[in-house]
Amino acid sequence: MKILVNGQLVERNEASIDVEDRGYQFGDGIYEVIRVYKGILFGLREHAERLFRSAAEIGISLPFSLEDLEWDLQKLVQENAVSDGAVYIQTTRGVAPRKHQYEAGLEPQTTAYTFSVKKPEQEQAYGVSAITDEDLRWLRCDIKSLNLLYNVMAKQKAYEAGAFEGILIRDGIVTEGTSSNVYAVLNGTVRTHPANRMILNGITRKNILDLIVKNGIELDEKPVTEEELRQADEIFISSTTAEIISVVTLDGKSVGSGVPGPVTKQLQAAFQECIQQAARVSF
Ligand SMILES: *Cc1c(COP(=O)(O)O)cnc(C)c1O
């Protein structure tokens, strides 16, 4: 298995990370997860652009072009003969003696590797349970930062409660999941938190919003209150690896009729079509 280290493909067990890498010590870096369907990196351009945006927001200047990155990731996927899987890519600020502040001229360290992904078919078909939790993260959730400590804590709490996801609530408003975006269907309208500093603007989210409009479904990027969430007809979550999954149980209570609802199912079908189309177009 090959991994990508600063533009070079090397054997995984031959690569090493310096103990003074700022990503390792401070979580000082950013990342992306990109899904691979039939050997095609789905939404590669959008993910690459978001990596560049996250980097710019924390003052990392990436030492390669968007096209170089796309090319390298495609090479990695080909080299590892990934058919259905994903790529994880991260860039840290670089290696330096451990001080919070840093000097100019550090060399960002970029690594990427592939892994296999099992499409969560059962979860997509039957829905999952979620618990709510307080959103105690920082106020730059728009950056896909390596600092995922609170996300980890909240996901672990959900996991230990037997739930698939933790839905985060800040000041009575639903922001997002620990690793997913959250949507509620209320009276036929899909509602989701607007893309600002309070949430990570998912690539899957963007695709879903396009599909909502294309399918003539009402959309309102207006925050959902905790009360509305508990009365929603349908709740669903989205991410690169989850795609679209219905939440049928919230804090132990049934959501709507307790099974995946019609709007969620319609969007799931449209999203699968979108994936198939992307794979077809590339051949
Ligand atoms: C990555 C991520 C998402 C989902 O984004 P996608 O681009 O759809 O994978 C949602 N919320 C958080 C906190 C994330 O880190």
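Residues numbered from 1 in each chain as written. Predicted model: local features only at pLDDT ≥ 70, side-chain atom pairs only at ≥ 80, totals over all residues. Heavy atoms only, no water.

Colleague: For this particular structure, what's the right way to read the site of the ligand?
Modeller: Near the ligand you find 17 residues, and of these Lys144, Glu176, Ile203, Thr204 and Thr240 are the closest. Lys144 is positioned with one of its side-chain polar atoms (N or O) 2.7 Å from an oxygen atom of the ligand. Burial of the ligand by the protein amounts to 93% of the accessible area it has alone, namely 380 Å². Elements with a minimum of two residues in the shell around the ligand: helix H2 (44-57) and helix H6 (203-214). Both domains that meet at the shell around the ligand, namely domain 1 (2-116) and domain 2 (121-279), each give it at least three residues. (Near = heavy atom within 4 Å. Polar contact = N/O pair within 3.5 Å; in protein donor to acceptor, adjacent residues only side chain to side chain. Areas by Shrake-Rupley, 256 points an atom, 1.4 Å probe, with all protein chains shown as cover. Helix = DSSP H or I, 4+ residues; strand = E, 2+ residues; numbered from the N terminus. Domains from an automatic or database assignment.)

Colleague: Sorry if this is basic, but what is going on with the side chain of Gln124 here?
Modeller: Relative to the helices and strands, Gln124 is located in helix H4 (residues 121-126). Accessibility expressed as a relative area gives 11% for Gln124, which makes it buried. The contacts of Gln124, once residues within four sequence positions are left out, are Lys119, Ala242, Glu243, Ile244, Ile245, Gln268 and Gln272. (Buried < 20%, exposed > 50% of the residue type's maximum accessible area, 1.4 Å probe, protein only. Contact = heavy atoms within 4.5 Å.)

Colleague: Would you take a moment to explain the nonpolar core for this structure?
Modeller: Inside soluble globular proteins, nonpolar side chains tend to come together where they are buried. Grouped together as the largest cluster of nonpolar side chains are 22 residues, with contacts concentrated most on Leu41, Leu73, Val87 and Ala112. Among the elements of the structure, strand S3 (29-37), H2, helix H3 (66-79) and strand S5 (85-92) are those that each provide at least two residues to this core. Broken down by element, the residue count for this core peaks at 5 residues, all from H3. Look past the residues within four positions of Ala112 in its chain and what remains in contact with it is Ile3, Leu4, Leu73, Leu76, Val87, Tyr88 and Ile89. (Core = buried A, V, L, I, M, F, W, Y, C linked by side-chain atoms within 4.5 Å.)

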